[in-house]
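# Understanding the architecture of this molecule
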Amino acid sequence: MNKLLFTAGLCLCTLCAIAQDCQLKFSGSVIDSHENTALNGATLSIVGGTAIAYTDLDGRFTFSGLCPAIYVVEVQHPQCKTQRFEINLRKDTERTLFLEHHLEALNEVLITGRSFRTQSETQLNNTLDLATIEQYSSGSLGDVLNTLSGVSSLNTGNTVVKPVINGLHSSRVSIINNGVRLQDQEWGAEHAPNIDINSAGQITVLKGASTLQYSGNAVGGVIIAEPRRVLLTDTLYGKTILSGATNGRGGSITSELFKGYENGWYAAIQGTAKRFGDFEAPDYVLSNTGVEEGDFSLRLGKNNIASGFEAYMSYFQTTIGILRASHLGGAEDQVAAINSDRPLIIEDFTYDILVPRQEVKHLTGRLSYFKQFENLGKLSLQYDLQWNQRFEFDVRRGEDIDRAAVDLELTTHNFVASLESELSEVLNINTGINLIYQENVADPSTGVRRLIPDYEQYTLGAFAIADWTINDRLLFEAGLRFDYTLMDAFKFYRSTFWEQRGYQEEFAGIVVEDLGTQILANPELEFNNLAATAGFNYKIDDQYRLFFNYALASRAPNASELFSEGLHHSASRIELGDLRFKSEVANRVSLSLEKKGNAFSFTAAPFVNWINDFILIEPTGVQQTIRGNFQVWEYRQTAAFLTGIDLDANYSFNEHWSTTAQFSIVKGYDQTGDLPLINMPPASLNNGIQFRLPNWFAFQTGIESQYVFRQNEFPDNNFEVFLPETETTAVVDVSTPPAAYQLWNWNASAKFNLNEKSDLQLGLQITNMFNTFYRNYLNRLRYYADDLGRNIRVSLKINY
């Protein structure tokens, strides 16, 4: 009887097993837990079973034909610790499995991954890996970002380089450095970002408004610089990069040292020093264009996976020379300079940085904490402090010769609290609040009218971001943010300017005191800004992916746009703002198609951007001052429309030869005046061929062509000036763009193993190989001089 019951039960169990749905799929990716990079060649096996899978070049794997059950999956990789993961399979499931790297492999890791917490899932993210960043270790953030399609730069000479994303820059582009949104008086077109790119492990560019947890006013885009990831193991490693260049006759040194412990504690220190003298055009010196820079950063923290904290501090200091020939005397000099093919002032090479010049200091401190709560999610808290001091020295005489003409001190306090919750296996949400207090102090002892006044700014923001995985092919993302901003300023206006603007009628209530020739006013301005994003990420097949994103962004006018009234010394021009400005409101739609193949890959990313109350600045004339003759530039608002496309393609012929191509074009129009927008980047086409010998000292070399088209659509902002010496008038042509140009660049590198844990890498790079004369339309000093001539750069990197 017992045998009969046992046999019947066995048969019943067998029938039940047969009746199960054994067509389930388990798939996903295997990722390096420290560097967030895909691990190809990993072996996955089901413990107690026979099923085996392997990851492809993108780290992807798939198990098919599985029954509902709890499985233990073992993952092995030659450079990682073998780990096991428990999978409760009840339906088709996708998981990301993270592995720890072995210590001896750490120096070989290239950081190319993405951080879900800081990046959009419905926009194509352009990421620069560590190797690319290190090629530009002696350069600036703008220099390295120029390697991406759709990203150009607005230059003031060759040392002040400001990123431009799809035609937009300055306050419209948010820069996130090590989790902190940079607040460094970014409103100025000649204010370069105060960031040392050598502190970054990867840099990501999002074109268009995104990352609402940081900001809702990123009308142009977001740049995210992230450090190397924390290693949860006992380790000590570092690197040093030395570089020298012929143009500027200088160089840089940067070093980094990291110490980690298996219990989660870690510490890192990094520093950079740069020194260059006068840079040179193809056949003359660009006098007073040298640069000095010194930076360092410290990190200390503990990460126990379930909770952790980090303390971070960085200090950035630079002195930048401004082309001496851009500060001239009377109207005759201005006309002569713009019509000349050479600067009116050319002196012998020197390392001295005289006037005009900028001196900038930027200090950042951050404390952050996170904790995982069961059934609630991840709570993150962060407080950061930034202090920025800017001196601008003009050509002055007498006892004021060494006194700064502009002395601004900006202090920013920022607090963010957020909660990331997994509401279900397919729905995640991130909510939070953001509080910002900012104080700007303009030193009145400069003896010069303050361009930017004293002000306090208060911002209160709240955001919510959600992503919904509809199936294994389609992901939907949406977000919403609201910011309230109050700006409380005290400013002295010239009485004549106050009346010319008609402020005496509209703003009579903000007058504190009438001093005859000056009026002290106390503007208290409020702005309510709404931002939103929605989009999807659709996986067409294993090679093709489609991204769609709509973003609403609104940006309150900055202090420069509202209050400017005077000579901006480092910009070599007089700037005039307007108290009446309202918030910009942008509606951007972007579509991206991506193909990733073994040999051929490409992306196509068109966009359109409608911006209401777009704030632009343009030249309107010339004004004589006691310090010389300067162009007058005025801010105004209009309805703007921008559209364009970025194309990227690369093809690998074999393991040795490959080629790349990039094309970008953006068009901008002033719809109110039916005119082209000023300072829109011209179309550009970059092509390159690379050759590699991976088994011979990791040798690689490549040649690149950069072709920049002439900007054929531009507004006519030319004006006439009176020339006292001849008692005639002359037209000052500040509108006509320079001619198209083509530059050729070459690079090569090789790596030599010093021992099991150290290696030496040598690099050689030549830019503008043929010493071509050219002028960049987006270089604001193109009126006075050519751009840089040939530059030969040698670098030496040691990993240890």
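In the block above lies the structure referred to throughout.
The paragraphs below set out a description of the structure included in this document. (Residues numbered from 1 in each chain as written. Predicted model: local features only at pLDDT ≥ 70, side-chain atom pairs only at ≥ 80, totals over all residues. Heavy atoms only, no water.)

## Focus: the environment of Gln317
In plain terms, the rule: Elements are defined by DSSP. Helices are runs of H or I of four residues or more, strands are runs of E of two residues or more, and each kind is numbered from the N terminus. Pairs of residues are marked as contacts when any of their non-hydrogen atoms sit within 4.5 Å. Two N or O atoms count as a polar contact when they lie within 3.5 Å, although within protein this holds only if one can serve as hydrogen donor and the other as acceptor, and sequence-adjacent residues are included solely when both atoms are side-chain atoms.
Summarising the element assignment, Gln317 is placed in strand S20 (residues 307-321). The spatial distance from the C-alpha of Gln317 to the C-alpha of Asn609 is 36 Å, given a sequence separation of 292 residues. Setting aside residues up to four positions removed in sequence, Gln317 forms contacts with Glu292, Glu293, Gly294, Asp295, Val360 and Lys361. There is a polar contact of 2.8 Å between the side chain of Gln317 and the side chain of Tyr315.

## Some words on the sheet that holds strand S6 (residues 83-89)
Condition: A strand pair is defined by DSSP finding two or more bridges across the two strands. To obtain an axis, a line is fitted to C-alpha atoms, over the contacting stretch when the element is a helix, and the angle between two such axes runs from 0 to 180 degrees between their N-to-C directions.
Strand order in the open sheet formed by four strands is S3-S2-S5-S6, with antiparallel pairing between adjacent strands. A single partner strand is all that each edge strand has here, and the edge strands are strand S3 (52-54) and S6. The sheet shows a mean angle of 25 degrees between the axes of neighbouring strands, direction not considered. Direction of pairing for strand S2 (residues 43-46) relative to strand S5 (residues 69-76): antiparallel, over a ladder of four bridges. Opposite Ser45, over in S5, you have Glu74 as the bridge partner.

## Things to note about the pairing of strand S9 (residues 151-156)
Convention followed: Three exposure classes are used, based on accessible area relative to the maximum for each residue type with a 1.4 Å probe and protein chains only: buried under 20%, partly exposed in between, and exposed over 50%.
With respect to burial, S9 is a largely interior element, six of its six residues being buried. On S9, burial covers both faces: Val151, Ser153 and Asn155 on one face and Ser152, Leu154 and Thr156 on the other are all buried. Hairpin connection from S9 to strand S10 (residues 160-165): three residues lie between these consecutive antiparallel strands, with Gly157 at a positive phi of about 75 degrees.

## Description of the pattern of salt bridges
Spelled out, the test is: Put simply, a salt bridge is a Lys or Arg side-chain nitrogen that is within 4 Å of an Asp or Glu carboxyl oxygen.
Counted according to the given criterion, the structure contains 35 salt bridges. Notably, a salt bridge pairs Arg366 with Glu310, separated by 2.4 Å at the nearest N-O pair. With Arg366 in strand S21 (residues 357-373) and Glu310 in strand S20, the pair connects residues that are 56 residues apart, well separated along the chain. Pair check on accessibility: Arg366 and Glu310 agree, each one buried. Several salt bridges converge on common partners, so that one network encompasses Arg172, Arg555, Glu561 and Glu584.

## Some points on the packing of aromatic side chains
Condition: Each Phe, Tyr or Trp ring (for Trp, its six-membered ring) is paired with any other whose centre lies within 6.5 Å, and the angle between the two planes then decides the class: stacked below 30 degrees, edge-to-face above 60, tilted in between. Each ring is checked for a lysine NZ or an arginine CZ that lies within 6 Å of its centre and within 35 degrees of its normal; such an atom marks a charge sitting over the ring.
Enumeration over the complete set of coordinates arrives at 30 aromatic pairs. An angle of 85 degrees between the planes, with centres 5.0 Å apart, marks the rings of Phe349 and Tyr351 as edge-to-face. When its relative accessible area of 34% is taken as the criterion, Tyr351 is described as partly exposed. Note on Tyr437 and Tyr458: the rings are 5.2 Å apart at their centroids and 45 degrees apart in plane angle, and the pair reads as tilted. Of this pair, Tyr437 sits in strand S24 (residues 427-442) while Tyr458 is found in strand S25 (residues 454-469), placing the two residues 21 residues apart along the sequence. Owing to a relative accessible area of 35%, Tyr458 belongs among the partly exposed residues under this scheme. Chaining the aromatic ring pairs together yields one cluster made of Tyr493, Phe497, Trp498, Tyr503 and Phe507. Seen from the ring of Tyr261, Lys259 lies directly overhead, with NZ or CZ sitting 4.7 Å from the centre. One Lys or Arg, Lys371, reaches over the ring of Phe373 and ends 5.6 Å from the middle of that ring.

## Quick notes on unusual backbone geometry
Along the chain, Val355 connects to Pro356 via a cis peptide bond; the corresponding omega equals 0 degrees. The topology assignment puts Pro356 in the loop between helix H4 (331-339) and S21. Notably, Ser170 is not glycine yet its phi reads approximately 55 degrees, a positive angle. Along the polypeptide, Ser170 turns up in the loop between strand S11 (168-169) and strand S12 (173-177).

## Looking at the environment of Thr620
One can find Thr620 in strand S34 (residues 600-625). Residues Thr620 and Thr672 lie 52 residues apart in sequence; the distance between their C-alpha atoms is 18 Å. If we ignore the near neighbours within four places in the chain, the residues touching Thr620 are Val632, Glu634 and Phe719.

## Thoughts on the pairing of strand S43 (residues 759-767)
With eight bridges connecting them, strand S42 (residues 741-753) and S43 associate as antiparallel partners. Note on S43: the bridge partner recorded for Trp746 is Ile766. Turn length for the S42-S43 hairpin, with the two strands adjacent in sequence and antiparallel, is five residues.

## Side note on the sheet that holds strand S14 (residues 202-207)
The five strands lie next to each other as S8-S14-S15-S12-S13, forming an open sheet whose pairing is mixed. Each having just a single partner strand, strand S8 (126-128) and strand S13 (180-181) make up the two edges of the open sheet. Note that S8 and S14 share three bridges and pair antiparallel. Bridging from a neighbouring strand, Asn126 pairs with Val205 of S14.

## Some words on the side chain of Ser601
With respect to the element layout, Ser601 can be found in strand S34. Only 3.3 Å separates the side chain of Ser601 from the backbone nitrogen of Gly597, close enough to count as a polar contact. In contact with Ser601, not counting residues within four places along its chain, are Lys595, Lys596, Asp648, Ala649 and Asn650.

## Points about the nonpolar core
Where we set the bar: Here, nonpolar core refers to any group of buried Ala, Val, Leu, Ile, Met, Phe, Trp, Tyr and Cys residues whose side-chain atoms link them within 4.5 Å.
One finds Tyr455, Tyr493, Trp498, Phe563 and Leu579 to be the most contacted residues of the largest nonpolar core, which totals 60 residues. Take this core: its biggest share by element is four residues, from strand S35 (residues 628-652). Filtering out sequence-adjacent residues up to four positions away, Leu579 remains in contact with Tyr493, Tyr503, Phe507, Ile510, Pro523, Leu525, Leu562 and Phe563. Counting residues in each nonpolar core, the second largest holds 20 residues, with Leu24, Val30, Cys80 and Leu89 among its members.

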